Amino acid sequence: MAHGTIRAATLPIIINLITESYGINDNEALKMFYESHIGLCYADDDSGLYGQSALYVFSLFQEEQHINSGGSPF
């Protein structure tokens, strides 16, 4: 399956999880996601992150947000 097809199937789920968790709209969630390190990795075919489940990618995104807001990585 093409990488773009996989991303097209999972990205709406990730964005929905972000909108629900952060109380923001779709456009804000897309911007927030793609400006994050995890979003950049997700867009990079070489990273392989696009092939992981939406929940896994979302959990990595949440962890990054937590760390960037001053939270402990552990």
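Details of the structure are given in the entry above.
Here's a quick rundown of the structure. None of these values were measured; they are calculated from a predicted model.

Quick notes on the rules
- Residues numbered from 1 in each chain as written.
- Predicted model: local features only at pLDDT ≥ 70, side-chain atom pairs only at ≥ 80, totals over all residues.
- Heavy atoms only, no water.
- Helix = DSSP H or I, 4+ residues; strand = E, 2+ residues; numbered from the N terminus.
- Expected span 1.5 Å × (residues − 1).
- Bend = angle between axes of the 7 residues up to and from the residue.
- Buried < 20%, exposed > 50% of the residue type's maximum accessible area, 1.4 Å probe, protein only.
- Contact = heavy atoms within 4.5 Å.
- Core = buried A, V, L, I, M, F, W, Y, C linked by side-chain atoms within 4.5 Å.
- Salt bridge = Lys/Arg side-chain N within 4 Å of Asp/Glu carboxyl O.
- Phe/Tyr/Trp six-rings, centres within 6.5 Å; stacked < 30°, edge-to-face > 60°.
- Axes fitted to C-alpha atoms, helices over the stretch in contact; angles between N-to-C directions.
- Parallel < 35°, antiparallel > 145°, perpendicular 65-115°, else oblique.
- Left-handed = near helix turned anticlockwise from the far one by under 90°.
- Nonpolar A, V, L, I, M, F, W, Y, C, P; charged D, E, K, R; others polar.

Some words on helix H1 (residues 3-22)
Thought 1: Taking 1.5 Å per residue, 20 residues should reach 28 Å; H1 reaches 27 Å between its end C-alpha atoms and fits that length.
Thought 2: Helix geometry: H1 is bent most strongly at Thr10, by close to 35°, with proline Pro12 lying one to four residues after it.
Thought 3: Along H1, the residues that are buried comprise Arg7, Thr10, Leu11, Ile14, Ile15, Leu17, Ile18 and Thr19.
Thought 4: Against the buried residues of H1 lie helix H2 (26-34), helix H3 (37-43) and helix H4 (54-68).
Thought 5: The first or second residue beyond H1 is Gly23, which carries a positive phi of 65°.

A short note on the nonpolar core
In summary, soluble globular proteins display a tendency toward joint burial of nonpolar side chains.
Thought 1: Residues Ile14, Ile18, Phe33, Tyr42 and Val57 are the most contacted members of the largest nonpolar core, which totals 15 residues.
Thought 2: For this core, the element with the highest residue contribution is H1, accounting for five residues.
Thought 3: In this structure, Ile14 is in contact with Phe33, Tyr42, Ala54, Val57 and Phe58, ignoring residues within four places of it in sequence.

Some details on the pattern of salt bridges
Thought 1: What the rule picks out here adds up to two salt bridges.
Thought 2: Close ionic contact of Glu35 with Lys31 constitutes a salt bridge, the shortest N to O distance being 3.3 Å. Both residues of the pair, Glu35 and Lys31, belong to the exposed class.

Concerning the packing of aromatic side chains
Thought 1: Applying the stated criterion across every chain yields a total of four aromatic pairs.
Thought 2: An angle of 80° between the planes, with centres 6.0 Å apart, marks the rings of Tyr22 and Phe61 as edge-to-face. One end of the pair, Tyr22, is in helix H1; the other, Phe61, is in helix H4, with 39 residues separating them in the sequence.
Thought 3: Residues Phe33 and Tyr42 carry aromatic rings whose centres are separated by 5.5 Å and whose planes lie at 70° to one another, so their mutual orientation is edge-to-face.
Thought 4: Owing to a relative accessible area of 0%, Tyr42 belongs among the buried residues under this scheme.
Thought 5: Through pairs of rings, three or more aromatic residues link up here, namely Tyr22, Phe33, Tyr34, Tyr42 and Phe61.

What to know about the packing of H1 against H4
Thought 1: Closest axis-to-axis distance for the H1/H4 pair is 9 Å, and the angle between their directions is 40°. One finds that H1 runs oblique with respect to H4. Between H1 and H4 lies a crossing whose hand is right-handed. Contact residues: H1 offers Thr10, Ile13, Ile14, Leu17, Ile18, Ser21 and Tyr22, while H4 offers Ala54, Leu55, Val57, Phe58, Phe61, Gln62 and Gln65.
Thought 2: Among the residues making up the contact of H1 with H4, the classes are represented as ten nonpolar, four polar and no charged.

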